[in-house]
Amino acid sequence: MLDQMTLYPIADDVLFAPGGKVVIRTYGVAPAAAGASLSYRTWVTGIRDQPRYWHWGHFEDATSGHRRVLEWLTGRGPQPSQALA
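Residues numbered from 1 in each chain as written. Predicted model: local features only at pLDDT ≥ 70, side-chain atom pairs only at ≥ 80, totals over all residues. Heavy atoms only, no water.

## A closer look at the nonpolar core
Working step 1: Listed in full, the 11 residues of the largest apolar core are V22, I24, Y40, V44, I47, W54, W56, A62, V69, L70 and W72.
Working step 2: Sorting elements by how many residues they give to this core places helix α1 (residues 59-73) first, with four residues. (Core = buried A, V, L, I, M, F, W, Y, C linked by side-chain atoms within 4.5 Å. Buried < 20%, exposed > 50% of the residue type's maximum accessible area, 1.4 Å probe, protein only. Helix = DSSP H or I, 4+ residues; strand = E, 2+ residues; numbered from the N terminus.)

## Some points on the sheet that holds strand β2 (residues 20-31)
Working step 1: The strand order across the open sheet built from four strands is β1-β2-β3-β4, with neighbouring strands paired in antiparallel fashion. This sheet does not close on itself; its edge strands, each paired only once, are β1 (5-17) and β4 (53-56). Sheet twist, expressed as the mean angle between neighbouring strand axes with direction ignored, is 15°.
Working step 2: Bridging between strand β3 (residues 39-45) and β4 involves four bridges; their strand directions are antiparallel. Directly across from W43, in β4, lies its bridge partner Y53.
Working step 3: The sheet strands contacting α1 are β1, β2, β3 and β4, and the helix crosses β1 at an angle near 20°. (Pairing = 2+ DSSP bridges. Axes fitted to C-alpha atoms, helices over the stretch in contact; angles between N-to-C directions. Contact = heavy atoms within 4.5 Å.)

## Comments concerning the side chain of T26
Working step 1: By the element assignment, T26 lies in strand β2.
Working step 2: According to the relative accessible area criterion, T26 is buried, its value standing at 0%.
Working step 3: Apart from the residues within four sequence positions on either side, T26 is in contact with Y8, P9, I10, A11, D12, R41, T42, A62 and H66.

## Points about the environment of R76
Working step 1: One can find R76 in the segment after α1.
Working step 2: On the accessibility criterion, R76 (58% relative accessible area) is exposed.
Working step 3: A polar contact of 3.0 Å, which involves the side chain of R76, links it to the side chain of T74. (Polar contact = N/O pair within 3.5 Å; in protein donor to acceptor, adjacent residues only side chain to side chain.)

Shown next as structure tokens:
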């Protein structure tokens, strides 16, 4: 599936905790086919029983969404909601 997509990195962060590390990555995602529209996603790996990804409608939503996910994971803000395209 990933070989059929083009990923455009926007932001990467790593949090270290006693149980291991948590990686937060936000990308622009486009199907490999020419002329397809770009969507934005934030993926979180290293946590259990929590949402693992968010969808964002625009670049600005993705950058602020990445920051909100990071704030949520560090206990400085509420869990972010999805921004629909």
